[in-house]
Amino acid sequence: MLRWCLKQRVLKENHYHRCIPDGISVTMVFTVYSSVNMKKNYHLCLSAGDETLFRDTADYHRGFNCFASALHKTDATGLAETFMSTHTHMLVQTDDPDEFMYTFRRAYSIYFNHKYQREGRLGEKRHFSMEVAGYHHLLAALSYILRNALHHGVVSIPYAYPHCSVNAIFRK
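If you're wondering where the values come from, they're calculated on a predicted model, not measured in any experiment. Starting from 1, residues in each chain are numbered consecutively following that chain's sequence as written. The predicted origin of the model limits local features to residues at a pLDDT of at least 70 and limits the giving and counting of side-chain atom pairs to 80 or more, whereas totals for whole chains, interfaces and linings rest on all residues. Excluding hydrogens and water, the side-chain values take into account all heavy atoms of the structure.

Novice: Would you take a moment to explain the overall build of the protein chain for this structure?
Specialist: From N to C terminus, the protein chain includes 5 helices and 7 strands. Only protein chains enter the accessibility calculation, which uses a 1.4 Å probe; a residue whose area is less than 20% of its type maximum is buried, one above 50% is exposed, and one in between is partly exposed. Split into buried and exposed, the 172 residues of the protein chain put 37% on the buried side. A contact between two residues is defined here by any heavy atoms of the two lying within 4.5 Å. Contacts in the protein chain between residues at least 24 apart in sequence constitute 63% of all its contacts with a sequence separation of at least 6. When the accessible surface of the protein chain is summed, it comes to about 10700 Å², and 54% of that surface belongs to carbon and sulfur atoms. Only runs of H or I of at least four residues qualify as helices and only runs of E of at least two qualify as strands under DSSP, and these elements are numbered from the N terminus. Using a 1.4 Å probe, the Shrake-Rupley method yields the accessible areas, and only the shown protein chains count as cover for residues.

Novice: I'm lost on the packing of aromatic side chains in this one. Help?
Specialist: Each aromatic ring pair is described using two quantities: the centre-to-centre distance and the angle formed by the ring planes. Working definition: a ring pair exists when centres of Phe, Tyr or Trp rings (six-membered ring for Trp) sit within 6.5 Å. Plane angles under 30 degrees give stacked, over 60 give edge-to-face, the rest tilted. Under the counting rule described, the total for this entry stands at 11 aromatic pairs. The interplanar angle of 45° and the centroid separation of 5.1 Å between the aromatic rings of F54 and Y108 together place this pair among those described as tilted. With F54 in the loop between β4 (40–47) and α1 (57–73) and Y108 in helix α2 (residues 97–115), the pair connects residues that are 54 residues apart, well separated along the chain. For the pair F54 and Y108, one class covers both residues: buried.

Novice: Please clarify how the pattern of salt bridges should be interpreted in this entry.
Specialist: For this document, the term salt bridge refers to a Lys or Arg side-chain nitrogen within 4 Å of an Asp or Glu carboxyl oxygen. Going through the model one piece at a time under the given rule, you end up with 6 salt bridges. The partner of K39 in a salt bridge is D75, with the nearest N and O atoms 3.2 Å apart. Of this pair, K39 sits in the loop between β3 (25–32) and β4 while D75 is found in the loop between α1 and β5 (77–83), placing the two residues 36 residues apart along the sequence. The salt bridge involving D98 is made with R126; its shortest N-O contact spans 3.4 Å. Here the residue D98 occupies a position in helix α2, and R126 occupies one in the loop between α2 and β7 (128–132), the gap between them amounting to 28 residues. A residue is classified by how much of its surface remains accessible, and R126, at 52% relative accessible area, is exposed. Through salt bridges with shared partners, a single network forms among D56, D59 and K115.

Novice: It is not clear to me how the pairing of strand β6 (residues 87–94) should be interpreted in this structure. Could you clarify?
Specialist: Successive residues of a regular strand alternate their side chains across the two faces of the sheet. Of all 8 residues in β6, 8 are buried; the element is thus mostly enclosed. Burial along β6 is two-sided: the residues H87, H89, L91 and Q93 and T88, M90, V92 and T94 are all buried. DSSP-based pairing: two strands are paired if at least 2 bridges between them are found. Bridging between β5 and β6 involves 6 bridges; their strand directions are antiparallel. By the bridge assignment for β6, E81 is matched with M90. Connecting β5 to the next strand, β6, in antiparallel fashion are 3 residues.

Novice: When you look at the sheet that holds β4 in this model, what are you seeing that I'm missing?
Specialist: Across a sheet, paired strands are connected by hydrogen bonds in the backbone, their directions being either parallel or antiparallel. The 4 strands lie next to each other as β5-β6-β4-β7, forming an open sheet whose pairing is antiparallel. Bordering the open sheet on either side are β5 and β7, each of which pairs with just one other strand. Put simply, the sheet's adjacent strands are angled 15° from each other on average, direction ignored. Taken together, the 8 bridges between β4 and β6 define a ladder with antiparallel strand orientation. Residue pairing for β6: K40 is matched across the bridge by T94. On top of the sheet, α2 reaches β4, β5, β6 and β7; it is set at about 40° to β4, its chief contact. Axis definition: a line fit to C-alpha positions, over the contact stretch in the case of helices; interaxial angles, taken between N-to-C directions, run 0 to 180 degrees.

Novice: Would you mind going over the environment of K115 with me for this structure?
Specialist: Tracing the sequence through the fold places K115 in helix α2. Since its relative accessible area comes to 28%, K115 is described here as partly exposed. Residues K115 and D59, 56 residues apart in the sequence, show an inter-C-alpha distance of 9.4 Å. Once residues within four sequence positions are removed from consideration, K115 is found in contact with D56, A58 and D59.

So, in structure tokens, the structure goes:
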């Protein structure tokens, strides 16, 4: 039995029965992939606890750069993000949400600790992570993330908040 598998991405198995010239039959199992991108969607959140994650505009810019860098380093895709002063919400397609958050958090913590002469972990000990499964769950997560500033009373319309991807998605 021969099994062909690419990075643990299994969708369905097709069995093929083959007769070779000497009369011995061989059954081979091949894994067939309907899509190259088998990554799952995750809603990720990092909370500051009793701190402030982003104190000025430069911090927000560095946060977005760390987000982009973490996407690149972990081969993930960012679907939406909102950076509030005390927490972040991100919708990411990835194979490993913990690796993505580790990469993002480590890069931003190094910057933040150096800038504000502090040491140690930034934010709460553990980040929030939820797999987003299904079309309706995806829409609900996108709506929550893109309207987070509105939800917290920071702005009256989502487009007014500059530290969110809502303008990049819905405006020219």
